[in-house]
Amino acid sequence: MVSRVIPVEPFDLVIFGGTGDLARRKILPGLFRRFCAGQMPADARIIGAARGDIGQQGYQDLIRSAINEFGAPSAESLEYLDAFIAQLHYVAVDICGDGGWDDLSKLIRKDLVNAYYFSVAPSLFGDIAARLNSWKIATSEARIVVEKPFGRDLQSAKALNNVLSQQFNESQIYRIDHYLGKETVQNLMAVRFGNLLFEPLWNAQYVDHIQITVAETVGVGGRGAYYDKSGAMRDMVQNHLMQLLCLIAMEPPSHFDPDAVRDEKLKVIRSLAPVAAHHVVRGQYDATTSTASYRTDAENLRSFTESYVAIKAHIENWRWAGVPFYLRTGKKLKARTSEIAIVFKKLPHSIFEKSADEKQNVLAIQLQPNEGMTLDVTIKEPGPGGMRLVHVPLDMTFADALGDHSEDTPDAYERLIMDVIRGDQTLFMRGDEVEAAWKWTDPIIEAWEARNDVPKLYDVGSAGPEDAMALIHRDGRRWREVK
Ligand code: NAD
């Protein structure tokens with residue numbers, strides 16, 4: 001069953017960039033859902049801080065329409081909307097100047113939990129951090145939340161970490177990777193470390209290979225200019241896919257506490273072998289008669305940026321020696337799905353029909369669209385006619401298992417913001433983790449740039465470029481179907 005909602009302490013949460021796209025689409029609708037669930041105390045306050053003198057009423061109107069547009073509120077939850085909106089405040093702030101900081105300072109109740117969400121471009125992080133301190137707004141207990149992208153390479157990530165660490169301790173910094181807030185991601189840890197069943201099999205002796213897929217049907221949409229400077233490697237692999245890889249591959253932490261978990265994740269990243277050039281495939285979606293190409297969407301007709309990446313990775317440690325981790329992510333693919341599949345080895349010997357030893361157990365963990373897990377097992381086909389075997393999925397779709405309560409499950413942003421208020425950093429990336437991740441991806445990107453690598457074209461609505469199929473076929477394996 002879904003865990004009972006435990007209200008958090010009263011807080012003042014300041015959202016720098018509180019009028020922006022992320023705040024309106026994700027952060028405020030998420031907070032509204034927590035309010036409806038009874039988790040947000042009546043004297044908690046959310047303070048939008050942004051450019052533009054729209055005033056308190058203007059801000060409340062803006063967020064009311066954002067919740068209606070993006071929050072998909074139920075008729076029942078709309079009864080709570082006025083009360084939630086009454087907890088919203090607004091301060092016009094000039095992040096790079098002096099305007100508004102005095103007003104903000106006077107508004108904050110420093111004896112409560114204080115959190116500052118930096119929902120602005122990373123180039124502004126340093127200015128906010130410095131002014132929070134020079135205006136004596138942030139206390140030593142205050143928390144700051146920073147959004148991705150956290151740098152675009154090791155050097156810029158180090159620079160960002162330096163800027164933040166001049167003003168805040170690591171224990172105050174919450175680097176968001178919203179994939180870590182997903183229910184199934186935490187369930188992955190519960191399955192691994194809360195059951196005796198899987199952990200003994202979770203190693204090179206029993207696991208044949210692991211596939212991590214994050215497939216999107218959308219293209220670069222309105223984010224073309226931003227995405228074109230980034231690409232799938234920086235936008236998805238360096239953060240989301242590597243975080244999933246860490247949770248799958250890490251050793252059991254001694255406790256479920258922030259540093260114990262993050263220490264183990266860091267060890268995984270540091271054990272990743274450098275990736276050989278022929279173990280990476282870059283792709284870019286091509287035009288069809290009815291859909292535009294990546295280059296048209298990105299408004300850069302000479303772009304060599306990848307909208308797809310597939311990688312074969314290896315972790316050099318005892319547990320995973322020789323086990324390939326196949327990672328892939330792409331845009332405009334045939335279906336929207338995020339899945340981790342642990343493919344176990346074939347039977348060493350079958351006492352049944354000849355083909356029975358070809359079947360492999362697969363534990364597939366689905367992150368989206370429907371969070372859940374399936375375990376493919378071999379059973380006898382029911383009925384007479386001898387011992388015929390079939391391979392069937394044991395389906396553990398959470399919506400079925402949890403019944404009506406599954407709707408109460410908070411989404412990733414909701415959960416992570418509440419974790420910030422509780423002061424729990426377990427699901428946030430530590431500075432050294434982010435740097436280690438860039439250290440692994442930088443040489444791959446630098447090699448592409450050095451040889452002006454041209455991405456392979458793939459059709460919109462396909463499963464990705466042909467070369468990505470060949471990457472896994474060469475090893476006698478197949479990608480799981482994107483569906
Ligand atoms: P946005 O451009 O829609 O909004 C920017 C906000 O910052 C606005 O509220 C604006 O008033 C404020 N702002 C900008 N300059 C300011 C200044 N000098 N002084 C005061 N306020 C200022 O941006 P966004 O899409 O909401 O993205 C915010 C951050 O979140 C970015 O770092 C982005 O990369 C990251 N992010 C966004 C999304 C998304 O879906 N939009 C997803 C993941 C990460």
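This one's a predicted model, so the numbers in the text were calculated from it and none came from an experiment. (Residues numbered from 1 in each chain as written. Predicted model: local features only at pLDDT ≥ 70, side-chain atom pairs only at ≥ 80, totals over all residues. Heavy atoms only, no water.)

### Points about the overall build of the protein
The number of helices and strands found in the protein is 16 helices and 15 strands. Relative to a compact globule of 483 residues, whose C-alpha radius of gyration would be 23 Å, the protein shows 24 Å and is just as compact. Along the first, second and third principal axes, the C-alpha set of the protein runs to 75 × 55 × 50 Å. Expressed as a percentage of its 483 residues, the buried residues of the protein come to 53%. (Helix = DSSP H or I, 4+ residues; strand = E, 2+ residues; numbered from the N terminus. Rg over C-alpha atoms; globule rule 2.2 N^0.38 Å. Buried < 20%, exposed > 50% of the residue type's maximum accessible area, 1.4 Å probe, protein only.)

### As for helix H14 (residues 412–422)
The element H14 is extensively covered by neighbouring structure, given that 10 of its 11 residues are classed as buried. For H14, the set of buried residues is Ala-412, Tyr-413, Glu-414, Arg-415, Leu-416, Ile-417, Met-418, Asp-419, Val-420 and Ile-421. Check the buried side of H14 and you find it contacts strand E1 (11–16), helix H1 (21–36), strand E4 (113–118), strand E5 (143–146), strand E6 (173–175) and helix H8 (183–194). Between the side-chain oxygen of the N-cap and the backbone nitrogen of Tyr-413 there are 3.0 Å, and the N-cap of H14 in question is Asp-411. Gly-423 sits one or two residues past H14 and shows a positive phi near 80°. (Contact = heavy atoms within 4.5 Å. Polar contact = N/O pair within 3.5 Å; in protein donor to acceptor, adjacent residues only side chain to side chain.)

### Things to note about empty space enclosed by the protein
With a probe scaled to a water molecule rolled over the atoms, the places where space remains empty come into view. The tally for this structure, following the rule as stated, stands at one cavity of 30 Å³ or more. Approximately 40 Å³ is the volume found for the largest cavity. For the largest cavity, the full set of lining residues is Lys-148, Phe-150, Ile-176, Gln-238, Asn-239, Met-429, Val-434 and Trp-438. Elements supplying a minimum of two residues to the lining of the largest cavity: helix H10 (231–249) and helix H15 (431–450). Of the residues belonging to the lining of the largest cavity, the class tally is five nonpolar, two polar and one charged. (1 Å grid on protein atoms, 1.4 Å probe; cavity = no way out; pocket = protein on both sides within 12 Å on 5 of 7 lines; lining within 4 Å. Points joined across faces, edges and corners; volume = space filled by probe spheres on them. Nonpolar A, V, L, I, M, F, W, Y, C, P; charged D, E, K, R; others polar.)

### Some points on the sheet that holds E4
Reading across from one edge, E3-E2-E1-E4-E5-E6 is the order of the six strands in this open sheet, with parallel pairing throughout. In the strand order of this sheet, the two ends are held by strand E3 (88–92) and E6, each with one partner. For this sheet, the mean inter-axis angle between neighbouring strands, taken without regard to orientation, is 20°. In this sheet, E3 lies alongside strand E2 (residues 45–50) in parallel orientation, the contact comprising five bridges. Residue pairing in the sheet places Ile-46 in a bridge with Leu-88 of E3. Running at roughly 120° to E3, helix H2 (residues 55–70) makes contact with E2 and E3 of the sheet. Packed onto the sheet, H14 meets E1, E4, E5 and E6 and runs at close to 135° relative to E4. (Pairing = 2+ DSSP bridges. Axes fitted to C-alpha atoms, helices over the stretch in contact; angles between N-to-C directions.)

### Focus on the pairing of strand E10 (residues 325–330)
Taking burial as the measure, the six residues of E10 include six buried ones, the bulk of the element. Of the two faces of E10, both are covered, the one formed by Phe-325, Leu-327 and Thr-329 as well as the one formed by Tyr-326, Arg-328 and Gly-330. Judged from the six bridges that link them, strand E9 (residues 308–313) and E10 form a sheet pairing that is antiparallel. The partner of Lys-312 across the bridge, within E10, is Tyr-326.

### Describing the sheet that holds E9
Ordered by their spatial adjacency, nine strands build an open sheet running E14-E13-E12-E11-E7-E10-E9-E8-E15, and the pairing between neighbours is mixed. Each edge of the open sheet is held by one strand with a lone partner, namely strand E14 (389–397) and strand E15 (456–459). Between one strand axis and the next, the sheet turns by 20° as a mean value, whatever way the strands run. As defined by bridge partners, strand E7 (residues 207–215) adjoins E10 across six bridges and the pair is classed as parallel. Along E10, the bridge assignment pairs Thr-213 with Arg-328. Strand contacts of H10: E7, E9, E10, strand E11 (337–344) and strand E12 (362–368), with the helix running at about 145° to E10, the strand carrying the most contacts. Where helix H16 (residues 466–473) meets the sheet, it contacts E7, strand E8 (280–286), E9, E10 and E15, and its direction lies at approximately 15° from that of E9.

In short, geometric facts, not functional conclusions.
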